[in-house]
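Remarks on the overall topology
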Amino acid sequence: TTGIPHRPGRLPVLGDLIGSNPRTPLQDTVRLGRQLGPIFTRRLVGIELVFASGIDLVTELNDEKRFTKHVGLGVKNLRAVAGDGLFTAYGTEPNWRFAHDILMPAFTGEAMRGYHPIMVEVARELVASWDAKDSADVSADMTRLTLETIGRAGFGYSFGSFEREEPHAFVTAMTRALRFAQMQGIKLPFVRRALAGSVRQNQADIALMNTVVDEVIDARRHDGEPGRDILGLMLSQSHPETGAKLDPVNVRNQAITFVVAGHETTSGALSFALYYLTRHPELLARARAEVDAVWGDREPAFADVMKLRYVRRVLDESMRLWPTAPGYSRQAREDTVLGGRYRMRKGDWVLVPLPLLHRDPAAWGPDAETFDPDRFEPAAVKKRPAQAYKPFGTGERACIGRQFALHEAVLALGMVLQRYDFTPDPAYRLKIAESLTLKPEGFRLGIRPRATTG
Ligand code: MNH
(Lines give C-alpha, C1' and ligand atoms only; values in the text may rest on other atoms or scores of the structure.)
Protein backbone atom coordinates (compact mmCIF):
# COMPACT_ATOMS: atom_id res chain seq x y z
CA THR A 1 0.00 0.00 0.00
CA THR A 2 3.02 2.30 -0.13
CA GLY A 3 2.50 5.11 -2.58
CA ILE A 4 -1.28 5.06 -2.22
CA PRO A 5 -2.68 8.37 -0.91
CA HIS A 6 -4.17 8.55 2.56
CA ARG A 7 -5.50 11.20 4.92
CA PRO A 8 -2.88 13.80 5.79
CA GLY A 9 -1.75 13.62 9.41
CA ARG A 10 -2.03 9.85 9.86
CA LEU A 11 -1.06 8.91 13.44
CA PRO A 12 1.18 6.00 14.47
CA VAL A 13 -1.34 4.02 16.56
CA LEU A 14 -4.71 5.58 15.84
CA GLY A 15 -4.05 5.75 12.11
CA ASP A 16 -6.88 7.66 10.42
CA LEU A 17 -9.28 7.29 13.35
CA ILE A 18 -9.48 11.05 13.84
CA GLY A 19 -12.20 12.45 11.63
CA SER A 20 -13.97 9.11 11.38
CA ASN A 21 -17.34 8.53 12.97
CA PRO A 22 -18.30 4.91 13.76
CA ARG A 23 -21.88 5.66 12.69
CA THR A 24 -20.96 6.96 9.25
CA PRO A 25 -18.04 4.92 7.90
CA LEU A 26 -19.30 5.08 4.34
CA GLN A 27 -19.99 8.82 4.33
CA ASP A 28 -16.54 9.42 5.89
CA THR A 29 -15.00 7.32 3.11
CA VAL A 30 -16.88 9.29 0.46
CA ARG A 31 -15.70 12.61 1.90
CA LEU A 32 -12.12 11.37 2.01
CA GLY A 33 -12.25 9.87 -1.44
CA ARG A 34 -13.34 13.18 -2.92
CA GLN A 35 -10.08 14.68 -1.64
CA LEU A 36 -7.75 11.77 -2.33
CA GLY A 37 -8.77 10.57 -5.79
CA PRO A 38 -9.35 7.23 -7.52
CA ILE A 39 -7.41 5.05 -5.05
CA PHE A 40 -6.68 5.65 -1.38
CA THR A 41 -6.21 3.91 1.94
CA ARG A 42 -7.67 4.28 5.41
CA ARG A 43 -5.98 2.82 8.46
CA LEU A 44 -8.34 2.06 11.33
CA VAL A 45 -7.29 0.28 14.49
CA GLY A 46 -4.75 -2.14 13.18
CA ILE A 47 -6.19 -2.66 9.73
CA GLU A 48 -5.40 -0.85 6.53
CA LEU A 49 -8.14 -0.75 3.91
CA VAL A 50 -7.60 0.04 0.25
CA PHE A 51 -10.43 1.73 -1.65
CA ALA A 52 -10.56 1.96 -5.42
CA SER A 53 -13.30 4.11 -6.90
CA GLY A 54 -12.01 5.47 -10.22
CA ILE A 55 -13.67 4.08 -13.32
CA ASP A 56 -10.43 2.68 -14.81
CA LEU A 57 -9.41 0.80 -11.66
CA VAL A 58 -12.94 -0.51 -11.06
CA THR A 59 -13.14 -1.69 -14.67
CA GLU A 60 -10.06 -3.82 -13.98
CA LEU A 61 -11.38 -5.05 -10.63
CA ASN A 62 -14.66 -6.14 -12.21
CA ASP A 63 -12.79 -8.37 -14.67
CA GLU A 64 -13.90 -11.82 -13.51
CA LYS A 65 -10.82 -13.46 -14.99
CA ARG A 66 -8.51 -11.51 -12.71
CA PHE A 67 -10.65 -10.81 -9.62
CA THR A 68 -13.52 -12.33 -7.67
CA LYS A 69 -15.76 -11.41 -4.73
CA HIS A 70 -13.91 -11.13 -1.46
CA VAL A 71 -15.86 -12.27 1.61
CA GLY A 72 -14.20 -10.22 4.32
CA LEU A 73 -14.72 -7.44 6.81
CA GLY A 74 -18.46 -6.69 7.14
CA VAL A 75 -19.60 -9.58 4.96
CA LYS A 76 -17.50 -12.13 6.85
CA ASN A 77 -18.87 -10.98 10.21
CA LEU A 78 -22.37 -11.65 8.90
CA ARG A 79 -21.56 -15.33 8.64
CA ALA A 80 -22.47 -15.57 12.33
CA VAL A 81 -26.06 -14.90 11.21
CA ALA A 82 -26.28 -16.04 7.59
CA GLY A 83 -23.62 -18.80 7.50
CA ASP A 84 -23.14 -20.23 4.02
CA GLY A 85 -26.16 -18.39 2.58
CA LEU A 86 -25.64 -17.02 -0.93
CA PHE A 87 -24.47 -13.56 0.09
CA THR A 88 -21.94 -14.66 2.70
CA ALA A 89 -20.76 -17.93 1.11
CA TYR A 90 -17.10 -18.19 0.13
CA GLY A 91 -16.62 -18.72 -3.57
CA THR A 92 -14.89 -21.99 -2.73
CA GLU A 93 -17.85 -23.34 -0.75
CA PRO A 94 -19.72 -25.92 -2.86
CA ASN A 95 -23.03 -24.71 -1.42
CA TRP A 96 -22.66 -21.38 -3.21
CA ARG A 97 -23.02 -22.74 -6.76
CA PHE A 98 -25.42 -25.46 -5.66
CA ALA A 99 -27.84 -23.00 -4.03
CA HIS A 100 -27.33 -20.45 -6.82
CA ASP A 101 -28.36 -23.01 -9.44
CA ILE A 102 -31.37 -24.18 -7.44
CA LEU A 103 -32.54 -20.62 -6.79
CA MET A 104 -32.04 -19.05 -10.23
CA PRO A 105 -35.51 -20.16 -11.42
CA ALA A 106 -37.02 -18.12 -8.54
CA PHE A 107 -35.67 -14.95 -10.22
CA THR A 108 -36.61 -15.30 -13.89
CA GLY A 109 -39.10 -13.05 -15.68
CA GLU A 110 -41.65 -15.86 -15.40
CA ALA A 111 -41.12 -15.99 -11.64
CA MET A 112 -41.73 -12.22 -11.44
CA ARG A 113 -45.04 -12.72 -13.21
CA GLY A 114 -45.99 -15.09 -10.38
CA TYR A 115 -44.91 -12.61 -7.67
CA HIS A 116 -46.69 -9.67 -9.30
CA PRO A 117 -50.16 -10.15 -7.74
CA ILE A 118 -48.54 -10.52 -4.31
CA MET A 119 -46.50 -7.37 -4.82
CA VAL A 120 -49.66 -5.48 -5.84
CA GLU A 121 -51.49 -6.78 -2.79
CA VAL A 122 -48.72 -5.49 -0.49
CA ALA A 123 -48.54 -2.11 -2.27
CA ARG A 124 -52.31 -1.86 -1.79
CA GLU A 125 -51.79 -2.30 1.94
CA LEU A 126 -49.25 0.52 1.92
CA VAL A 127 -51.79 2.74 0.15
CA ALA A 128 -54.53 1.78 2.61
CA SER A 129 -52.26 2.68 5.51
CA TRP A 130 -51.39 6.04 3.89
CA ASP A 131 -55.06 6.78 3.22
CA ALA A 132 -55.55 6.66 6.97
CA LYS A 133 -52.91 9.27 7.82
CA ASP A 134 -51.72 12.64 6.60
CA SER A 135 -47.98 12.19 6.93
CA ALA A 136 -45.57 9.28 6.81
CA ASP A 137 -42.13 8.27 8.01
CA VAL A 138 -41.00 7.25 4.54
CA SER A 139 -38.14 4.86 5.38
CA ALA A 140 -40.23 3.06 8.01
CA ASP A 141 -43.18 2.52 5.67
CA MET A 142 -41.01 1.48 2.72
CA THR A 143 -39.39 -1.07 5.04
CA ARG A 144 -42.85 -2.40 5.93
CA LEU A 145 -43.60 -2.76 2.21
CA THR A 146 -40.38 -4.52 1.25
CA LEU A 147 -40.26 -6.83 4.27
CA GLU A 148 -43.83 -7.87 3.65
CA THR A 149 -43.13 -8.40 -0.04
CA ILE A 150 -40.13 -10.70 0.40
CA GLY A 151 -41.94 -12.61 3.17
CA ARG A 152 -45.09 -13.26 1.19
CA ALA A 153 -43.67 -13.58 -2.33
CA GLY A 154 -40.59 -15.60 -1.36
CA PHE A 155 -41.89 -17.71 1.50
CA GLY A 156 -45.66 -17.42 1.69
CA TYR A 157 -45.17 -15.84 5.11
CA SER A 158 -46.68 -12.59 6.36
CA PHE A 159 -44.89 -10.50 8.99
CA GLY A 160 -48.11 -8.50 9.43
CA SER A 161 -46.04 -5.37 8.87
CA PHE A 162 -48.95 -3.02 8.21
CA GLU A 163 -50.96 -4.29 11.16
CA ARG A 164 -48.38 -3.52 13.79
CA GLU A 165 -46.69 -0.45 15.18
CA GLU A 166 -43.69 -2.30 16.60
CA PRO A 167 -41.59 -4.54 14.34
CA HIS A 168 -42.23 -8.30 14.25
CA ALA A 169 -40.13 -10.22 16.82
CA PHE A 170 -38.17 -11.78 13.96
CA VAL A 171 -37.16 -8.35 12.72
CA THR A 172 -36.11 -7.14 16.17
CA ALA A 173 -34.01 -10.29 16.65
CA MET A 174 -32.54 -10.03 13.16
CA THR A 175 -31.61 -6.36 13.51
CA ARG A 176 -29.97 -6.97 16.88
CA ALA A 177 -28.11 -10.07 15.67
CA LEU A 178 -26.83 -8.20 12.63
CA ARG A 179 -25.57 -5.38 14.81
CA PHE A 180 -23.91 -7.89 17.15
CA ALA A 181 -22.26 -9.62 14.20
CA GLN A 182 -20.96 -6.31 12.83
CA MET A 183 -19.56 -5.27 16.21
CA GLN A 184 -17.60 -8.50 16.44
CA GLY A 185 -15.35 -7.04 13.81
CA ILE A 186 -14.38 -4.13 16.06
CA LYS A 187 -11.43 -4.96 18.27
CA LEU A 188 -11.68 -1.98 20.65
CA PRO A 189 -11.72 -3.06 24.34
CA PHE A 190 -14.90 -1.20 25.32
CA VAL A 191 -16.75 -2.68 22.36
CA ARG A 192 -15.55 -6.17 23.37
CA ARG A 193 -16.88 -5.63 26.89
CA ALA A 194 -20.25 -4.40 25.64
CA LEU A 195 -20.49 -7.45 23.39
CA ALA A 196 -19.65 -9.87 26.18
CA GLY A 197 -22.69 -8.49 28.02
CA SER A 198 -25.02 -9.34 25.15
CA VAL A 199 -23.90 -12.88 24.31
CA ARG A 200 -27.03 -14.39 25.84
CA GLN A 201 -29.30 -11.93 24.09
CA ASN A 202 -27.57 -12.84 20.85
CA GLN A 203 -28.10 -16.55 21.45
CA ALA A 204 -31.77 -15.89 22.14
CA ASP A 205 -32.06 -13.80 18.96
CA ILE A 206 -30.54 -16.48 16.78
CA ALA A 207 -32.75 -19.12 18.41
CA LEU A 208 -35.84 -17.02 17.72
CA MET A 209 -34.93 -16.53 14.07
CA ASN A 210 -34.32 -20.24 13.67
CA THR A 211 -37.66 -21.07 15.28
CA VAL A 212 -39.58 -18.73 12.97
CA VAL A 213 -37.82 -20.09 9.87
CA ASP A 214 -38.40 -23.67 10.99
CA GLU A 215 -42.11 -22.96 11.50
CA VAL A 216 -42.39 -21.48 8.03
CA ILE A 217 -40.66 -24.54 6.56
CA ASP A 218 -42.84 -26.99 8.53
CA ALA A 219 -46.00 -25.20 7.43
CA ARG A 220 -44.92 -25.54 3.79
CA ARG A 221 -43.97 -29.21 4.20
CA HIS A 222 -47.47 -29.96 5.47
CA ASP A 223 -49.05 -28.05 2.60
CA GLY A 224 -48.30 -30.82 0.14
CA GLU A 225 -47.30 -28.67 -2.86
CA PRO A 226 -43.85 -27.09 -2.46
CA GLY A 227 -44.57 -24.31 -5.01
CA ARG A 228 -42.15 -22.39 -7.22
CA ASP A 229 -41.24 -19.52 -4.89
CA ILE A 230 -37.88 -19.26 -3.10
CA LEU A 231 -38.91 -21.59 -0.28
CA GLY A 232 -40.59 -24.10 -2.59
CA LEU A 233 -37.54 -24.44 -4.82
CA MET A 234 -35.22 -24.88 -1.86
CA LEU A 235 -37.36 -27.67 -0.43
CA SER A 236 -38.11 -29.53 -3.65
CA GLN A 237 -35.17 -29.21 -6.04
CA SER A 238 -32.23 -31.54 -6.09
CA HIS A 239 -28.77 -31.37 -7.61
CA PRO A 240 -28.86 -32.40 -11.29
CA GLU A 241 -25.86 -34.75 -10.87
CA THR A 242 -25.83 -35.98 -7.28
CA GLY A 243 -29.58 -35.79 -6.59
CA ALA A 244 -28.79 -34.19 -3.22
CA LYS A 245 -31.02 -31.52 -1.73
CA LEU A 246 -29.97 -28.37 0.11
CA ASP A 247 -29.18 -29.32 3.69
CA PRO A 248 -31.60 -27.97 6.34
CA VAL A 249 -29.02 -25.65 7.89
CA ASN A 250 -28.33 -24.12 4.49
CA VAL A 251 -32.07 -23.66 3.84
CA ARG A 252 -32.28 -21.72 7.10
CA ASN A 253 -29.24 -19.64 6.19
CA GLN A 254 -30.77 -18.82 2.81
CA ALA A 255 -34.09 -17.85 4.39
CA ILE A 256 -32.36 -15.38 6.72
CA THR A 257 -30.21 -14.15 3.81
CA PHE A 258 -33.20 -13.44 1.61
CA VAL A 259 -35.12 -11.62 4.30
CA VAL A 260 -32.08 -9.46 5.13
CA ALA A 261 -30.76 -8.90 1.58
CA GLY A 262 -34.24 -8.73 0.13
CA HIS A 263 -35.73 -5.82 2.01
CA GLU A 264 -33.47 -3.07 3.43
CA THR A 265 -31.83 -2.27 0.14
CA THR A 266 -35.08 -1.96 -1.81
CA SER A 267 -36.65 0.05 0.98
CA GLY A 268 -33.78 2.53 0.95
CA ALA A 269 -33.92 2.87 -2.84
CA LEU A 270 -37.63 3.72 -2.70
CA SER A 271 -37.06 6.22 0.11
CA PHE A 272 -34.24 8.03 -1.72
CA ALA A 273 -36.38 8.13 -4.87
CA LEU A 274 -39.21 9.83 -2.98
CA TYR A 275 -36.72 12.19 -1.40
CA TYR A 276 -35.31 13.30 -4.77
CA LEU A 277 -38.71 13.49 -6.46
CA THR A 278 -40.19 15.67 -3.76
CA ARG A 279 -37.09 17.91 -3.95
CA HIS A 280 -37.56 18.31 -7.69
CA PRO A 281 -41.27 19.01 -8.35
CA GLU A 282 -40.70 19.26 -12.12
CA LEU A 283 -39.28 15.73 -12.19
CA LEU A 284 -42.09 14.46 -9.98
CA ALA A 285 -44.56 15.96 -12.43
CA ARG A 286 -42.87 14.10 -15.29
CA ALA A 287 -42.92 10.80 -13.42
CA ARG A 288 -46.55 11.21 -12.48
CA ALA A 289 -47.53 12.21 -16.00
CA GLU A 290 -46.02 8.93 -17.17
CA VAL A 291 -48.01 6.95 -14.61
CA ASP A 292 -51.22 8.73 -15.63
CA ALA A 293 -50.53 8.16 -19.33
CA VAL A 294 -49.53 4.49 -19.04
CA TRP A 295 -51.65 3.23 -16.15
CA GLY A 296 -54.46 5.78 -15.96
CA ASP A 297 -56.28 5.08 -12.73
CA ARG A 298 -56.09 1.32 -13.14
CA GLU A 299 -54.10 -1.07 -11.01
CA PRO A 300 -51.10 -2.21 -13.09
CA ALA A 301 -50.95 -5.64 -14.69
CA PHE A 302 -47.57 -7.40 -14.80
CA ALA A 303 -46.59 -6.00 -18.20
CA ASP A 304 -47.57 -2.43 -17.23
CA VAL A 305 -44.86 -2.13 -14.59
CA MET A 306 -41.78 -1.97 -16.78
CA LYS A 307 -43.57 0.39 -19.17
CA LEU A 308 -42.83 3.10 -16.61
CA ARG A 309 -39.48 3.96 -18.19
CA TYR A 310 -39.11 7.33 -16.49
CA VAL A 311 -40.05 6.03 -13.02
CA ARG A 312 -37.41 3.35 -13.53
CA ARG A 313 -34.83 6.03 -14.41
CA VAL A 314 -35.72 7.92 -11.24
CA LEU A 315 -34.89 4.79 -9.25
CA ASP A 316 -31.70 4.20 -11.26
CA GLU A 317 -30.56 7.76 -10.63
CA SER A 318 -31.41 7.55 -6.90
CA MET A 319 -29.29 4.40 -6.64
CA ARG A 320 -26.51 6.15 -8.50
CA LEU A 321 -26.15 8.92 -5.93
CA TRP A 322 -26.95 6.71 -2.94
CA PRO A 323 -26.49 3.04 -3.81
CA THR A 324 -28.18 1.45 -0.81
CA ALA A 325 -25.72 -1.48 -0.77
CA PRO A 326 -22.83 0.96 -0.87
CA GLY A 327 -19.92 -1.22 -1.88
CA TYR A 328 -18.32 -4.58 -2.50
CA SER A 329 -14.85 -6.14 -2.27
CA ARG A 330 -12.72 -7.79 -4.94
CA GLN A 331 -9.75 -10.10 -4.43
CA ALA A 332 -7.00 -11.05 -6.86
CA ARG A 333 -7.26 -14.57 -8.27
CA GLU A 334 -3.48 -14.58 -8.93
CA ASP A 335 -0.57 -12.18 -8.34
CA THR A 336 -1.29 -9.13 -10.46
CA VAL A 337 -0.65 -5.42 -10.92
CA LEU A 338 -3.61 -3.04 -10.61
CA GLY A 339 -3.60 0.10 -12.73
CA GLY A 340 -0.12 -0.70 -14.01
CA ARG A 341 1.32 0.37 -10.61
CA TYR A 342 -0.17 -1.36 -7.60
CA ARG A 343 1.21 -4.82 -6.96
CA MET A 344 -1.31 -7.32 -5.53
CA ARG A 345 -0.60 -10.83 -4.29
CA LYS A 346 -3.11 -13.61 -4.87
CA GLY A 347 -5.89 -13.06 -2.30
CA ASP A 348 -5.13 -9.36 -1.74
CA TRP A 349 -8.34 -7.37 -1.85
CA VAL A 350 -9.72 -3.91 -2.44
CA LEU A 351 -13.01 -2.21 -1.52
CA VAL A 352 -15.14 -0.47 -4.13
CA PRO A 353 -17.13 2.41 -2.55
CA LEU A 354 -20.01 2.75 -4.99
CA PRO A 355 -21.08 6.35 -4.30
CA LEU A 356 -17.61 7.45 -5.43
CA LEU A 357 -17.58 5.30 -8.57
CA HIS A 358 -21.07 6.58 -9.34
CA ARG A 359 -19.88 10.21 -9.12
CA ASP A 360 -16.53 9.83 -10.87
CA PRO A 361 -16.44 12.82 -13.25
CA ALA A 362 -14.34 10.75 -15.67
CA ALA A 363 -17.40 8.55 -16.22
CA TRP A 364 -20.29 10.88 -15.37
CA GLY A 365 -19.06 14.32 -16.38
CA PRO A 366 -18.63 17.55 -14.40
CA ASP A 367 -22.24 17.62 -13.10
CA ALA A 368 -21.97 14.16 -11.55
CA GLU A 369 -23.38 15.41 -8.22
CA THR A 370 -26.70 16.55 -9.75
CA PHE A 371 -29.81 14.40 -9.68
CA ASP A 372 -30.84 13.84 -13.31
CA PRO A 373 -32.77 10.71 -14.36
CA ASP A 374 -32.12 11.50 -18.05
CA ARG A 375 -28.64 10.09 -17.56
CA PHE A 376 -30.32 6.72 -17.91
CA GLU A 377 -31.78 7.32 -21.34
CA PRO A 378 -30.43 4.56 -23.58
CA ALA A 379 -28.35 6.93 -25.75
CA ALA A 380 -26.65 8.43 -22.66
CA VAL A 381 -25.99 5.00 -21.14
CA LYS A 382 -24.29 3.86 -24.34
CA LYS A 383 -21.82 6.72 -24.15
CA ARG A 384 -20.61 5.74 -20.69
CA PRO A 385 -18.03 3.14 -19.71
CA ALA A 386 -19.74 -0.22 -19.10
CA GLN A 387 -18.59 -0.47 -15.47
CA ALA A 388 -19.67 3.04 -14.39
CA TYR A 389 -22.88 1.91 -12.68
CA LYS A 390 -22.87 -1.09 -10.34
CA PRO A 391 -25.59 -0.75 -7.65
CA PHE A 392 -26.24 -4.50 -7.82
CA GLY A 393 -22.61 -5.55 -7.69
CA THR A 394 -20.70 -7.34 -10.40
CA GLY A 395 -20.01 -10.67 -12.05
CA GLU A 396 -21.20 -14.04 -10.91
CA ARG A 397 -21.80 -12.81 -7.34
CA ALA A 398 -23.94 -9.85 -8.41
CA CYS A 399 -27.40 -9.50 -6.88
CA ILE A 400 -29.69 -12.42 -7.65
CA GLY A 401 -32.69 -10.32 -6.58
CA ARG A 402 -32.22 -7.43 -9.02
CA GLN A 403 -35.34 -8.07 -11.13
CA PHE A 404 -37.35 -8.72 -8.01
CA ALA A 405 -36.25 -5.44 -6.43
CA LEU A 406 -36.84 -3.40 -9.59
CA HIS A 407 -40.27 -4.84 -10.28
CA GLU A 408 -41.30 -4.26 -6.70
CA ALA A 409 -39.86 -0.74 -6.53
CA VAL A 410 -41.22 0.55 -9.87
CA LEU A 411 -44.62 -0.91 -9.00
CA ALA A 412 -44.74 0.66 -5.54
CA LEU A 413 -43.39 4.04 -6.64
CA GLY A 414 -45.87 4.08 -9.53
CA MET A 415 -48.76 3.31 -7.20
CA VAL A 416 -47.95 6.08 -4.72
CA LEU A 417 -47.37 8.63 -7.51
CA GLN A 418 -50.68 7.61 -9.01
CA ARG A 419 -52.52 8.25 -5.77
CA TYR A 420 -50.87 11.00 -3.67
CA ASP A 421 -49.80 14.59 -3.58
CA PHE A 422 -46.84 15.16 -1.30
CA THR A 423 -45.80 18.04 0.89
CA PRO A 424 -42.14 17.81 1.85
CA ASP A 425 -40.80 19.65 4.89
CA PRO A 426 -38.70 22.45 3.38
CA ALA A 427 -36.44 22.44 6.45
CA TYR A 428 -35.49 18.75 6.03
CA ARG A 429 -31.83 18.18 5.12
CA LEU A 430 -30.94 14.74 3.81
CA LYS A 431 -29.43 12.72 6.63
CA ILE A 432 -28.28 9.22 5.88
CA ALA A 433 -28.42 6.39 8.40
CA GLU A 434 -25.85 3.67 7.86
CA SER A 435 -26.28 0.10 8.96
CA LEU A 436 -25.42 -2.56 6.41
CA THR A 437 -27.32 -0.40 3.99
CA LEU A 438 -28.09 3.29 3.55
CA LYS A 439 -31.40 5.01 4.07
CA PRO A 440 -32.70 8.54 4.64
CA GLU A 441 -33.20 9.21 8.33
CA GLY A 442 -36.02 11.30 9.75
CA PHE A 443 -37.49 11.83 6.29
CA ARG A 444 -41.22 12.53 6.58
CA LEU A 445 -43.65 13.51 3.87
CA GLY A 446 -47.09 15.02 4.07
CA ILE A 447 -49.44 12.83 1.98
CA ARG A 448 -52.87 13.60 0.58
CA PRO A 449 -54.88 11.65 -1.99
CA ARG A 450 -54.90 13.57 -5.29
CA ALA A 451 -58.02 15.55 -6.09
CA THR A 452 -58.39 13.88 -9.50
CA THR A 453 -58.35 10.24 -8.36
CA GLY A 454 -60.59 8.27 -6.01
MN1 MNH B 1 -29.13 -7.92 -3.52
C2 MNH B 1 -26.11 -9.56 -3.67
C3 MNH B 1 -27.54 -4.95 -4.01
C4 MNH B 1 -32.16 -6.35 -3.64
C5 MNH B 1 -30.68 -10.86 -2.71
N6 MNH B 1 -27.18 -7.36 -3.77
C7 MNH B 1 -26.07 -8.19 -3.83
C8 MNH B 1 -24.91 -7.40 -4.10
C9 MNH B 1 -25.32 -6.10 -4.18
C10 MNH B 1 -26.74 -6.08 -3.98
C11 MNH B 1 -24.42 -4.88 -4.42
C12 MNH B 1 -23.47 -7.92 -4.25
C13 MNH B 1 -22.71 -7.81 -2.95
C14 MNH B 1 -21.25 -8.26 -3.03
O15 MNH B 1 -20.66 -8.33 -4.11
O16 MNH B 1 -20.70 -8.53 -1.97
N17 MNH B 1 -29.73 -6.00 -3.72
C18 MNH B 1 -28.92 -4.92 -3.93
C19 MNH B 1 -29.73 -3.73 -4.08
C20 MNH B 1 -31.05 -4.13 -3.99
C21 MNH B 1 -31.04 -5.57 -3.76
C22 MNH B 1 -29.18 -2.32 -4.29
C23 MNH B 1 -32.32 -3.35 -4.09
C24 MNH B 1 -32.44 -2.15 -4.59
N25 MNH B 1 -31.08 -8.50 -3.20
C26 MNH B 1 -32.19 -7.71 -3.38
C27 MNH B 1 -33.37 -8.51 -3.26
C28 MNH B 1 -32.96 -9.80 -2.99
C29 MNH B 1 -31.51 -9.78 -2.95
C30 MNH B 1 -34.80 -8.00 -3.40
C31 MNH B 1 -33.78 -11.04 -2.79
C32 MNH B 1 -35.02 -11.20 -3.11
N33 MNH B 1 -28.50 -9.85 -3.20
C34 MNH B 1 -29.32 -10.90 -2.86
C35 MNH B 1 -28.51 -12.09 -2.69
C36 MNH B 1 -27.18 -11.73 -2.98
C37 MNH B 1 -27.20 -10.31 -3.31
C38 MNH B 1 -29.03 -13.46 -2.31
C39 MNH B 1 -25.96 -12.63 -3.00
C40 MNH B 1 -25.82 -13.25 -4.38
C41 MNH B 1 -24.65 -14.22 -4.49
O42 MNH B 1 -23.56 -13.93 -4.00
O43 MNH B 1 -24.87 -15.27 -5.10
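Predicted, not measured: the structure shown is a model, and the values here were computed from it.

1. Observations regarding the overall build of the chain
If you tally the helices and strands in the chain, you get 20 helices and 12 strands. Here the C-alpha radius of gyration of the chain, 22 Å, is about what a compact globule of 454 residues would show, namely 22 Å. Expressed along its principal axes, the backbone C-alpha trace of the chain runs to roughly 65 × 55 × 45 Å. Considering only intrachain contacts with a sequence separation of at least 6, the fraction spanning at least 24 residues in the chain is 72%. For the chain, the computed accessible surface area is about 20900 Å², with 55% contributed by carbon and sulfur atoms. Averaged over its 60 positive side-chain charges, the chain has a centre that lies 5 Å from the centre of its 54 negative ones.

2. Considering the sheet that holds strand 4 (residues 135–137)
Pairing is antiparallel across the open sheet formed by three strands, whose spatial order is 4-12-9. Only two strands of the sheet have a single neighbouring strand rather than two, namely strand 4 and strand 9 (420–424). Each neighbouring strand pair of the sheet contributes to a mean axis angle of 35°, computed without reference to strand direction. Bridge count between strand 4 and strand 12 (residues 444–449): three bridges; the pairing is antiparallel. Residue pairing across strands places alanine 136 opposite leucine 445, the latter belonging to strand 12.

3. Details of the site of the ligand
Lining the immediate surroundings of the ligand are 25 residues, of which Lys69, Leu86, Trp96, Arg397 and Cys399 lie closest. Between the ligand and lysine 69 there is a distance of 2.9 Å, counted from an oxygen atom to a side-chain nitrogen or oxygen. Between the ligand and leucine 86 there is a distance of 3.2 Å, counted from an oxygen atom to a backbone nitrogen or oxygen. Mapped by element, the contributors of at least two residues to the shell around the ligand are helix 12 (248–261), helix 13 (264–279) and helix 20 (402–419). Residue composition of the shell around the ligand, grouped by class: 17 nonpolar, six polar and two charged.

4. Observations regarding the UniProt feature "binding site: heme" (unreviewed entry) in the chain
When the UniProt feature table is mapped onto this chain numbering, "binding site: heme" (unreviewed entry) sits at Cys399. Along the chain, cysteine 399 falls in the loop between helix 19 (378–382) and helix 20. For cysteine 399, a relative accessible area of 39% translates into the label partly exposed.

5. A look at the pattern of salt bridges
Going through the model one piece at a time under the given rule, you end up with 31 salt bridges. We note a salt bridge from arginine 113 to glutamate 110, for which the minimum N-O separation is 3.4 Å. With arginine 113 and glutamate 110 both in helix 6 (residues 109–131), this residue pair falls three residues apart, about one helical turn. Two residues, arginine 144 and aspartate 141, come together in a salt bridge whose shortest N-O distance is 2.8 Å. You can see arginine 144 and its partner aspartate 141 sitting in helix 7 (residues 138–155), three residues apart, about one turn around the helix. No difference in accessibility class separates arginine 144 from aspartate 141, as the two residues are buried. One network of salt bridges, in which partners are shared, links Arg10, Asp16, Arg43 and Glu48.

6. Thoughts on the packing of aromatic side chains
Applying the stated criterion across every chain yields a total of 17 aromatic pairs. For the ring pair tyrosine 428 and phenylalanine 443, a centre distance of 5.4 Å and an interplane angle of 35° mean the geometry is tilted. One end of the pair, tyrosine 428, is in the loop between strand 9 and strand 10 (432–434); the other, phenylalanine 443, is in the loop between strand 11 (438–440) and strand 12, with 15 residues separating them in the sequence. Assessed through its relative accessible area of 2%, phenylalanine 443 is described here as buried. The structure contains a cluster of three or more aromatic residues connected by ring pairs, namely Tyr275, Tyr276, Phe371, Tyr428 and Phe443. If you follow lysine 69 out to its NZ or CZ, it ends over the ring of phenylalanine 87, 4.2 Å from the centre. The cationic tip of arginine 320 hangs over the ring face of tryptophan 364; the distance from NZ or CZ to the ring centre is 5.1 Å.

Calculation notes
- Residues numbered from 1 in each chain as written.
- Predicted model: local features only at pLDDT ≥ 70, side-chain atom pairs only at ≥ 80, totals over all residues.
- Heavy atoms only, no water.
- Helix = DSSP H or I, 4+ residues; strand = E, 2+ residues; numbered from the N terminus.
- Rg over C-alpha atoms; globule rule 2.2 N^0.38 Å.
- Contact = heavy atoms within 4.5 Å.
- Areas by Shrake-Rupley, 256 points an atom, 1.4 Å probe, with all protein chains shown as cover.
- Lys, Arg positive; Asp, Glu negative; His and termini not counted.
- Charge placed at Lys NZ, Arg CZ, Asp CG, Glu CD.
- Pairing = 2+ DSSP bridges.
- Axes fitted to C-alpha atoms, helices over the stretch in contact; angles between N-to-C directions.
- Near = heavy atom within 4 Å.
- Polar contact = N/O pair within 3.5 Å; in protein donor to acceptor, adjacent residues only side chain to side chain.
- Nonpolar A, V, L, I, M, F, W, Y, C, P; charged D, E, K, R; others polar.
- UniProt positions renumbered as here; feature names shortened; annotations may be inferred.
- Buried < 20%, exposed > 50% of the residue type's maximum accessible area, 1.4 Å probe, protein only.
- Salt bridge = Lys/Arg side-chain N within 4 Å of Asp/Glu carboxyl O.
- Phe/Tyr/Trp six-rings, centres within 6.5 Å; stacked < 30°, edge-to-face > 60°.
- Lys NZ or Arg CZ within 6 Å of the ring centre and 35° of its normal.

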